[in-house]
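Observations on chain architecture
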Amino acid sequence: MQNGEGTPTAADNTKKAVPEEVTKHSFRLKVWRHLEANGLAMFPRPVYNRIPNFKGAPEAAAKLAELDIFKNANTVKVNPDKPQEPVRVLCLEQQKTLYVPVPRLQKGFLNRLELPEGETGPAAIRKAVSRNGMENYGKPIGIEDTVSLDLVVMGSVAVSKEGYRIGKGRGYGDLEFGLMMHMKAIKPNTVVATTVHDCQVFDTLPAELFGPHDVPIDIIVTPTQVISTQRMSQRPAGILWHLLSNRRLELMPILGQLREIEMLAGRACTLKEVDTDVEERAAQRPRRLRRRTRSHKSQSEGEGNTTEGEDGKGGGKARRGARRRNSHKSASKDKDAKDDKPRRPKRQRPDIDFSVKISNISPNTRVRDLKQALSERGVKPQNMVWKGFRGFCYLHFFKPSPQKGEGDSGASVSQESVLAALAQMSLGGSGGAAPGDEPRDDKPRLLCVEPAPPRHAVAAPEVH
């Protein structure tokens, strides 16, 4: 496969070549660069840091549908990325039971896509397999539910004929597979396939790059060929906890739920102590800041050199620069004088008595919809942290205070009474629209209301 690199010049040949470090990411970059440089990338672009959508994805899906493994499969799990959208369409068209993972596992695990009764046409199917449709039409499936899969279709950045697979580097595909292994949804005869462009297929990939958590591929399908791999590695047996950190569990609550189940069963679930992902991101930020600082410094130095070298126009710049410096000095003196005055003590944040988390919120739900529903049930939190676009929010209730005549705003409220008042609360559908708005067609959702650990209140209370 070509990497989109130009032919080296004679001057380049005189230098000693520095060997490129061989990592999973180096192969990702080869594929991403090749797709972009050769006009093979499709929306969304650029394809960097994604499971790349490639030209010919519908043709690859159609070739997969011709195989017996697809024709005979009743239950199929397909990843939610754009290049596998044609596969999801074919599953619904052929009335297969289709499971799609929740993106990034942030608000659950699997959704079983179910078309509304009477809506089986192409337009309804296209809508159902879109990013919003997978959430609105999906029925949540948890790790304690019973699922048996005949076929698993994964997205890939690079694959080899030996069965090795490289994803986009976030570990979502491997974690989804480990969770499905825990559910016993993966059987020995469950086939794992991927649809990719021909340029994403390598004859071989270094075996030392892959570990026990990496999911091997059984069948590779491209727009032009079907490859049955040699599958040089074994499938993961489940979640490998020693490779995960606390941060990962905070980002993906389903992992924390599984860990609690495993620990209650007496199984070891020790997490790794060092979060290498956080360290890598932290190491990148100072470099970006230093580059910006250097650019400003070089620009300032360039202006200074120009001022010194010009007698006419430069003199005006020098005088303006001197005035600015003098103004900075006077401002600094004023600041020192102000510092001598006693400062007003900072207002203390109110103490939170208890918090409640509401999840499974539709992305179409507005904050005013939830406020109205809370008011109808007599629940009035002092502070609301709204994360509706991520499907959840927090309600904070402050400890009662006698100051400023607050009365009994929090004296008679308990966490138990709030949970009882919000039990079995649904939100969504046309009934959730405000007066004057057009009815929304998202179906009502049963909200999940649960206790949450107290957090610091942010800014002023949003709910009064």
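In what follows, the accompanying structure is described.

Conventions we followed
- Residues numbered from 1 in each chain as written.
- Predicted model: local features only at pLDDT ≥ 70, side-chain atom pairs only at ≥ 80, totals over all residues.
- Heavy atoms only, no water.
- Helix = DSSP H or I, 4+ residues; strand = E, 2+ residues; numbered from the N terminus.
- Buried < 20%, exposed > 50% of the residue type's maximum accessible area, 1.4 Å probe, protein only.
- Contact = heavy atoms within 4.5 Å.
- Areas by Shrake-Rupley, 256 points an atom, 1.4 Å probe, with all protein chains shown as cover.
- Salt bridge = Lys/Arg side-chain N within 4 Å of Asp/Glu carboxyl O.
- Phe/Tyr/Trp six-rings, centres within 6.5 Å; stacked < 30°, edge-to-face > 60°.
- Pairing = 2+ DSSP bridges.
- Axes fitted to C-alpha atoms, helices over the stretch in contact; angles between N-to-C directions.
- Core = buried A, V, L, I, M, F, W, Y, C linked by side-chain atoms within 4.5 Å.
- 1 Å grid on protein atoms, 1.4 Å probe; cavity = no way out; pocket = protein on both sides within 12 Å on 5 of 7 lines; lining within 4 Å.
- Points joined across faces, edges and corners; volume = space filled by probe spheres on them.
- Nonpolar A, V, L, I, M, F, W, Y, C, P; charged D, E, K, R; others polar.
- Polar contact = N/O pair within 3.5 Å; in protein donor to acceptor, adjacent residues only side chain to side chain.

As for the overall build of the protein
When helices and strands are counted, the protein shows 14 helices and 17 strands. Going through the 464 residues of the protein one by one, you find that 41% of them count as buried. Taking contacts inside the protein between residues at least 6 apart in sequence as the whole, the part at least 24 apart equals 69%. Looking at the protein as shown, the accessible area adds up to about 27400 Å², and 49% of this sits on carbon and sulfur atoms.

Digging into the pattern of salt bridges
This structure, assessed with the given rule, holds 14 salt bridges. D214 is paired through a salt bridge with K24; the nearest N and O atoms lie 2.8 Å apart. Of this pair, D214 sits in the loop between β9 (201-202) and β10 (219-221) while K24 sits in helix α2 (residues 24-37); the two residues are 190 residues apart in sequence, bridging distant segments of the chain. Judged by its relative accessible area of 17%, K24 is buried. Of the charged contacts, one joins R112 and E114 as a salt bridge, the two residues approaching to 3.0 Å between their closest N and O atoms. Assessed through its relative accessible area of 38%, E114 is described here as partly exposed. Connected via shared salt-bridge partners are K82, E85, R88 and R126.

With respect to the packing of aromatic side chains
Taken as a whole, this structure holds five aromatic pairs when the rule is applied. Residues F27 and F202 carry aromatic rings whose centres are separated by 5.4 Å and whose planes lie at 90° to one another, so their mutual orientation is edge-to-face. With a gap of 175 residues between them, F27 in helix α2 and F202 in strand β9 connect regions that are remote in the sequence. Across the pair, F202 and F27 agree in class, each one buried. Considering the side-chain rings of F354 and F397, the 4.6 Å spacing of their centres and the 15° angle between planes classify their relative orientation as stacked. In this pair, F354 is assigned in strand β12 (residues 352-359) and F397 in strand β14 (residues 392-398), connecting sequence segments 43 residues apart.

Overview of the sheet that holds strand β17 (residues 448-452)
Strand order in the open sheet formed by four strands is β13-β14-β12-β17, with antiparallel pairing between adjacent strands. The sheet terminates laterally at β13 (383-387) and β17, the two strands that pair on one side only. The average angle at which neighbouring strand axes cross in this sheet is 20°, direction not considered. Where helix α13 (residues 367-376) meets the sheet, its contacts fall on β12, β13 and β14, and the angle it forms with β13 comes to roughly 140°.

Here's the deal with the nonpolar core
One broad rule of soluble globular proteins: the nonpolar side chains tend to lie buried together. One finds F109, L149, L179, I239, W241, L244 and L255 to be the most contacted residues of the largest nonpolar core, which totals 36 residues. At the level of secondary structure, the elements contributing two or more residues to this core comprise β5 (149-154), α8 (172-182), β8 (186-195) and α10 (253-264). At five residues, the largest contribution of residues to this core is made by α8. When residues no more than four places from it in sequence are discounted, the contact partners of L179 are L105, F109, I143, I239, I254, L255 and L258. Ranked by size, the runner-up nonpolar core spans 27 residues in total, among them L67, V76, V78 and V89.

A look at the layout of surface pockets
Considering only enclosed or pocket space, the second largest pocket measures out at about 1500 Å³ in volume. Around the second largest pocket, the lining is made up of 50 residues, and of these Q106, K107, G108, P253 and S359 lie nearest the centre. For the lining of the second largest pocket, the class distribution of residues is 27 nonpolar, twelve polar and eleven charged.

A short note on the side chain of T194
Within the secondary structure layout, T194 lies in strand β8. Looking at T194, its side chain comes within polar contact range of the main-chain oxygen of M154, at 2.7 Å. A polar contact of 2.8 Å, which involves the side chain of T194, links it to the side chain of S156. Other than its neighbours up to four places away in sequence, T194 contacts M154, G155, S156, V159, I217, I219, I220 and V221.

Quick notes on the sheet that holds β10
Pairing in this open sheet of eight strands is mixed, and the strands run β4-β3-β2-β1-β5-β8-β10-β11 from one edge to the other. Sheet topology places β4 (138-141) and β11 (226-228) at the edges, where each strand pairs with a single neighbour. Taken pair by pair, the neighbouring strands of this sheet meet at an average axis angle of 25°, ignoring direction. When strand β2 (residues 97-101) meets strand β3 (residues 110-113), the two strands line up antiparallel, connected through four bridges. Paired with Y99 across the strands is R112, a residue of β3.

Quick notes on the side chain of N53
Turning to its location among the elements, N53 is positioned in the loop between α2 and α3 (57-65). Judged by relative accessible area, N53 falls into the buried class, the value being 10%. Residues contacting N53, with those up to four places away along its chain left out, are L40, A41, M42, F43, P44, V47, K82 and P83.

Geometric descriptors of this kind do not, in isolation, establish any biological role.
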